[in-house]
Amino acid sequence: MLPPNVLVRGGAFVETAAFRLPSACVVLPVAVVCVLLTSMRSTTVWAGAEPVAAADIRQGDRPFDVDSGVTYRAGTRLRIPGTDWSFVVPDRWQSSRPEDSEMPFLMAEVGKGLGMIFPLADVTRETVRDHLSQPLSLLHGLSFVPASTEVETETSIARSYQGEEMIGRALAALGPGNVCVIYFVMGPPEEATSFEAVLERLRQSTRFADPIPGHEIGL
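Residues numbered from 1 in each chain as written. Predicted model: local features only at pLDDT ≥ 70, side-chain atom pairs only at ≥ 80, totals over all residues. Heavy atoms only, no water.

Caption draft 1: Just helix α2 (residues 125-132), in detail. When we look at burial in α2, the residues that qualify are Val 128, His 131 and Leu 132. Buried residues in α2, looked at end-on, bunch into an arc of 95°, giving them a common side. (Buried < 20%, exposed > 50% of the residue type's maximum accessible area, 1.4 Å probe, protein only. Helix = DSSP H or I, 4+ residues; strand = E, 2+ residues; numbered from the N terminus. Arc of directions from axis to C-beta.)

Caption draft 2: Local environment of the side chain of Glu 191. Relative to the elements of secondary structure, Glu 191 occurs in the loop between β15 (179-187) and α3 (195-205). Comment: no salt bridge for buried Glu 191; closest opposite-charge side chain is Lys 112, at 5.0 Å. At a separation of 3.0 Å, a polar atom in the side chain of Glu 191 contacts the main-chain amide nitrogen of Lys 112. Ignoring anything within four residues of it in the chain, the contact list for Glu 191 reads Gly 111, Lys 112 and Gly 113. (Lys, Arg positive; Asp, Glu negative; His and termini not counted. Salt bridge = Lys/Arg side-chain N within 4 Å of Asp/Glu carboxyl O. Polar contact = N/O pair within 3.5 Å; in protein donor to acceptor, adjacent residues only side chain to side chain. Contact = heavy atoms within 4.5 Å.)

Caption draft 3: Structural context of the pattern of salt bridges. One pass over the full model with this rule turns up eight salt bridges. Residue Asp 91 pairs with Arg 92 through a salt bridge whose shortest N-O separation is 2.9 Å. A salt bridge links Glu 152 to Arg 125; its shortest N-O distance comes to 2.7 Å. You can see Glu 152 sitting in strand β12 (residues 151-152) and its partner Arg 125 sitting in helix α2, a full 27 residues away along the chain. The class for Glu 152 is partly exposed, based on a relative accessible area of 35%. Relative accessible area serves as the criterion here: at 25%, Arg 125 is assigned to the partly exposed category. A network of salt bridges, in which partner residues are shared, links Asp 65, Arg 79 and Asp 84.

Caption draft 4: Just the packing of aromatic side chains, in detail. The tally for this structure, following the rule as stated, stands at five aromatic pairs. A centroid spacing of 5.7 Å and a plane angle of 75° characterise the contact between Tyr 161 and Phe 184, whose relative ring orientation is edge-to-face. Linking Tyr 161 in strand β13 (residues 156-162) with Phe 184 in strand β15, this pair joins segments that are 23 residues apart in sequence. Just as Tyr 161 is buried, Phe 184 falls in that class too. One aromatic cluster in this structure is built from Phe 144, Tyr 161 and Phe 184. Here Arg 62 stacks its cationic end above the ring of Phe 64, 5.3 Å away from the centre of that ring. (Phe/Tyr/Trp six-rings, centres within 6.5 Å; stacked < 30°, edge-to-face > 60°. Lys NZ or Arg CZ within 6 Å of the ring centre and 35° of its normal.)

Caption draft 5: Expanded view of the pairing of strand β9 (residues 114-121). With eight of eight residues buried, β9 lies mostly within the body of the structure. Neither face of β9 is left uncovered, since the one carrying Leu 114, Met 116, Phe 118 and Leu 120 and the one carrying Gly 115, Ile 117, Pro 119 and Ala 121 both have all their residues buried. Here strand β8 (residues 105-108) pairs with β9 via two bridges, running antiparallel. In the strand pairing of β9, Leu 106 is matched with Gly 115. From the end of β8 to the start of β9, which pair antiparallel, there are five residues, and Gly 111 there has a positive phi angle of about 100°. Across eight bridges, β9 lies against β15 in antiparallel orientation. (Pairing = 2+ DSSP bridges.)

Everything listed is a geometric property; what it means functionally is a separate question.
Below, the structure written as structure tokens:
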């Protein structure tokens, strides 16, 4: 996994991937994430459906292209930039893309939860498993180390992570043709009990399709 403006194809990172970094990384406090959330939540333009219960989300809705400066409500299906894949913003969360990022972030409507999205192309299950087994370094120096073994199903691989002041959860939704989307959610330990349900909802709503002609796939 790596910063959301770095392209990955076939497991080869254009910049140094977070999972390749040494485990001894500097971890910044939760306040850094709070500043990011505050700046993103100050957006005044809204798009998408009103918040709805997860069971009421219609999986066949036309996906929205993600524009910077727009906050997308729960229940909105968003196209993952650079692909023709999409996901639905989970209940009690919202999504926004900063101007300096290619990928949208997910933000809990209440609390400090923050989610990131990493589409990958030309990767095998073994490659994804290897990514998830490495220490994870994210924006602003935030770092996590694996805190459990992988939990695998036919269509997903999940793993827990531990940071200095935050808990992380990752889930790789595996698609056809050696593609996947890794969702990573982090936040204070007291909010982590809901992360697995959020990730599972993201996995269930992920829809893979043919790439957009002329576009590179993945991070």
